[in-house]
Amino acid sequence: MIDAATALTRLRERRPLVQNITNYVAMDVSANVLLALGASPAMVHAAEEAADFTSISDALVVNIGTLSPPWVQAMHLAAERANTLGKPWVLDPVGAGATPYRTQVAVDLLRRQPTIVRGNAAEIMALGGAAGTRQQGVDSRETADQASDTAMSIARTFGVVVSVTGPVDLITNGSSTYRVANGHFLMPMVTGLGCAVSAVTAAFAATEPDPVMAATAALAVYGLAGERAADGAQGPGTLRARLMDALYLLSPADVAQGARIVAV
Amino acid sequence: MIDAATALTRLRERRPLVQNITNYVAMDVSANVLLALGASPAMVHAAEEAADFTSISDALVVNIGTLSPPWVQAMHLAAERANTLGKPWVLDPVGAGATPYRTQVAVDLLRRQPTIVRGNAAEIMALGGAAGTRQQGVDSRETADQASDTAMSIARTFGVVVSVTGPVDLITNGSSTYRVANGHFLMPMVTGLGCAVSAVTAAFAATEPDPVMAATAALAVYGLAGERAADGAQGPGTLRARLMDALYLLSPADVAQGARIVAV
Amino acid sequence: MIDAATALTRLRERRPLVQNITNYVAMDVSANVLLALGASPAMVHAAEEAADFTSISDALVVNIGTLSPPWVQAMHLAAERANTLGKPWVLDPVGAGATPYRTQVAVDLLRRQPTIVRGNAAEIMALGGAAGTRQQGVDSRETADQASDTAMSIARTFGVVVSVTGPVDLITNGSSTYRVANGHFLMPMVTGLGCAVSAVTAAFAATEPDPVMAATAALAVYGLAGERAADGAQGPGTLRARLMDALYLLSPADVAQGARIVAV
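What comes next concerns the included structure.

## Section: the overall build of chain A
The secondary structure content of chain A amounts to 11 helices and nine strands. If you line up chain A on its principal axes, its C-alpha atoms span 40 × 40 × 35 Å. Counting over 264 residues, chain A shows a buried share of 67%. Of the roughly 8,200 Å² of accessible surface on chain A, a fraction of 52% belongs to carbon and sulfur atoms. Considering chain A, the positive charge centre built from 18 side chains and the negative charge centre built from 22 side chains are found 1 Å apart.

Here it is as structure tokens:
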């Protein structure tokens, strides 16, 4: 069984340093989410130093949201270093399927075997070549279950964990599969919250050796904080501010009580 | 007459995908404003994919706030594609007049005939070559009416709609001119809110065929949300969070009642 | 004695234009902090225009948080122009010590003799070559006093003011030294607040000729606003929003009463 409460305790005790090579839009919210949760964020992406920084980090996030060739070069250098040193890294294939360039970059990074791939259903389906659905920006309305087959196929083919987020999330390594039912409908109305959960996933992967457990605990903790933040929020603006408060205030006991994780 | 309430209804029904090639400072607030309003934002600017993304977008924003040569290249590629496909696009000439490079880039983009140019009075005056006023950052203290002649001249010369924002906004296509008196004095104390209204203008232009009506409805809806957000805000920090809430909560009936639009 | 209240009054009267060449994560919060305080921010970093903009600015911030070669080039061009024109500039050596590239860039910029260097203890120690402490992201847990000797050595060697922030801050030009005890433990839980205080330092340096007084007043005003913001905040998310409100509402009388500055 997934013990998200213990995973949160361990994360806060170790305060992992998480390197983010992420998009311009999500940098601010990702860093704030990591700090509020109890991790230590750093945004380092220049090819001149990205891999050096990976060497001193506990985990790495590679997010292609606002990709460009110099950044893609740094993503590969950092991912290669993470693999060499056995450090966990998370790929967030933002907007995969939207343009040929973006899809190709996402697939090239997937071939480097990230520890965990975290995306919405449309991104995961595009990544797996299973669908040609029009990408409505980066906020998909598909459900994670619709991407279930593709997720399992990616997991088995590439030896990675796939974490598909949506109203109900689905996490699989191709054999063990979990669903997480935490979260709130207002969360997709705030930009970057999907990207930030990829950073949270990396923070849990830094301190929890089993990547399925790490990815699952991350979604339960984050979604539960979102639920608490939404309680009393008037809309997406106050929700965002309150989400940082909720992550900061969330206790392992809250998680033990509120996590809605089921094995499939 | 401008029916901003109906324009808002239509926007939310169609949920347009708005591509933003915008500055680093305003990306976060622009994306959040678009989501809260009911549109779907995407920030895509690499030359390798910018025009491909324009092909699947409903509208485009080109904002030169933190310009650099690779981005300017992508701006031209995306604007050209938008023109080819007949998709609306908005130029925000942030800080035009502040440096020779910036002014030249703004003029080059204006020559590509955006659907709408949205700026403050100093930017519009600099763009029209009508003034050599010192640029005080990007938050001008000039009034929109002072830029009225320049705005009409730009509109007629280039065949564009010009939207000049300030305490009272002025929108013109060179023949029809409107003023919008919505908004709150605290709004310029939050960074990026001017840039974000350019994104809102693009969202309305995606779903409202008359660009004068789109630009005018955008300013009324946005300004009205700002008024509601300011009611109860202690200062610019809480105003920003509450603006997202207000955009999310604003109903077409609110707009019908609160929009202060007058034909000149 | 440091008169932070009068320094704040002067800053608001003159509303200095502060050019920021800063990192992607801190741009938003830096701009919002400057606006709320009463200054005028601009983010301008392209080599094609950076120095031209320095010519019309009242002060410059050079922050290496998310550095890359094209930005470093612009940093040098802008710093050189500031020196030529006798305009104050602040160096924020974010993450110095974390990678060889980053440390080298920080040292190269220090050799250009910024008016003020603002960093946390680990950064200042790395910059001075006094320590090889592992960098835990950019949020150091060292105390400013531990960097005191290094700060004084840097100040004397390079002829700069060094401002070391922490639970208690330390400001020195190598002969006069002050401590500032304002601030709140929640502030390091919000990303970019350290970077933003470098921007605040630049704004004070624009309107206060003595850089020791400018740096000290900046930390007292900012820390005091943080204290007021924390009073009633639930966590780091609401703190951030309330910090902008507090900066906007803070009066010179509040500063005269609340500033905790002591000469060492």
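From this point, the discussion proceeds with the structure in view.
## Details of the interface of chain C and chain B
Frequently, the measure chosen for interface size is the accessible area removed from exposure when the parts meet. Of the residues lining the interface, 29 residues belong to chain C; the matching set on chain B comes to 32 residues. Between chain C and chain B the total buried area reaches about 2,400 Å² when both faces are included, carbon and sulfur atoms providing 58% of it. When the area that chain C buries against chain B is broken down by residue, the three leading residues are C:Leu35, C:Glu49 and C:Tyr248, summing to 22%. We note a salt bridge from B:Arg102 to C:Glu49, for which the minimum N-O separation is 2.6 Å. For the pair chain C and chain B, the interface holds seven residue pairs in polar contact (both at pLDDT 80 or more). Every element with two or more residues in the side of chain C that touches chain B is listed here: helix 2 (27-37), strand 2 (40-43), helix 3 (50-56) and helix 10 (236-249) of chain C. Per-element accounting of the side of chain C that touches chain B gives the leading share, six residues, to helix 2 of chain C.

## A few points about the interface of chain A and chain C
Counting residues at the interface gives 29 residues for chain A and 32 residues for chain C. Here chain A meets chain C over a buried area of about 2,400 Å², counting both sides, of which 58% is carbon and sulfur. The partner of A:Asp28 in a salt bridge is C:Arg240, with the nearest N and O atoms 2.8 Å apart. Applying the counting criterion to the chain A and chain C interface returns seven residue pairs in polar contact (both at pLDDT 80 or more). Broken down by secondary-structure element, the contributors of at least two residues to the side of chain A that touches chain C are helix 2 (27-37), strand 2 (40-43), helix 3 (50-56) and helix 10 (236-249) of chain A. Residue composition of the side of chain A that touches chain C, grouped by class: 19 nonpolar, three polar and seven charged.

## Some details on the pairing of strand 6 (residues 161-165) of chain C
Residues and elements named next belong to chain C. Within strand 6, five of the five residues are buried, leaving the element largely enclosed by the surrounding structure. Where strand 5 (residues 116-120) and strand 6 come together, five bridges link them in parallel fashion. Across the sheet, the residue bridging to Asn 120 is Thr 165, located in strand 6. The pairing of strand 6 with strand 7 (residues 169-172) spans three bridges and is antiparallel.

## Observations concerning the sheet that holds strand 6 (residues 161-165) of chain A
Residue and element names in this part refer to chain A. Across the sheet, which stays open at both edges, the nine strands sit in the order 2-1-3-4-5-6-7-8-9 with mixed pairing between neighbours. If you trace the sheet from one side to the other, it starts and ends with strand 2 and strand 9 (261-263), each paired once. Across the sheet, the axes of successive neighbouring strands diverge by a mean angle of 20 degrees, strand direction being ignored. Relative to strand 2, strand 1 (residues 17-21) runs parallel, the two sharing four bridges. The residue bridging Gln 19 from the neighbouring strand is Ala 42, located in strand 2. Each of strand 1, strand 3 (59-63) and strand 4 (89-92) is contacted by helix 4 (residues 69-85), which is oriented at about 150 degrees to strand 3, the strand it contacts most. Against the sheet, helix 5 (residues 100-110) makes contact with strand 3, strand 4 and strand 5 (116-120), and its axis sits at roughly 160 degrees relative to strand 4, the strand it touches most.

Cut-off values and rules
Within each chain, residue numbers correspond to sequence positions counted from 1 in written order. Chain letters start at A and ligand numbers start at 1, both assigned in the order the entries are written. The predicted origin of the model limits local features to residues at a pLDDT of at least 70 and limits the giving and counting of side-chain atom pairs to 80 or more, whereas totals for whole chains, interfaces and linings rest on all residues. Hydrogens and water are ignored here; the side-chain numbers use all heavy atoms of the structure. Runs of H or I in DSSP of at least four residues are treated as helices and runs of E of at least two as strands, each being numbered from the N terminus. Only protein chains enter the accessibility calculation, which uses a 1.4 Å probe; a residue is then buried when its area is under 20% of its type maximum, exposed when over 50%, and partly exposed in between. Shrake-Rupley sampling with a 1.4 Å probe provides the accessible areas, and residues are treated as covered by the protein chains on show and by no other component. Positive residues here are Lys and Arg, negative ones are Asp and Glu, while His and the chain termini are left out of the count. A charge is said to be at NZ when it belongs to Lys, at CZ for Arg, at CG for Asp and at CD for Glu. Contacts are assigned to residue pairs that have any heavy atoms within 4.5 Å of one another. Each of two parts loses accessible area, computed with a 1.4 Å probe, when they are put together; buried area is these two losses added. For salt bridges, the criterion is a side-chain nitrogen of Lys or Arg within 4 Å of an Asp or Glu carboxyl oxygen. Nitrogen and oxygen atoms within 3.5 Å of one another constitute a polar contact, given that in protein one can donate a hydrogen and the other can accept it, and given that sequence-neighbouring residues count only through two side-chain atoms. Just so you know the grouping, Ala, Val, Leu, Ile, Met, Phe, Trp, Tyr, Cys and Pro go in nonpolar, Asp, Glu, Lys and Arg go in charged, and all remaining residues, Gly too, go in polar. Being paired, for any two strands, means DSSP has found at least two bridges between them. Only the stretch in contact is used when a helix axis is fitted, and all axes are lines through C-alpha atoms; the angle between N-to-C directions ranges over 0 to 180 degrees.

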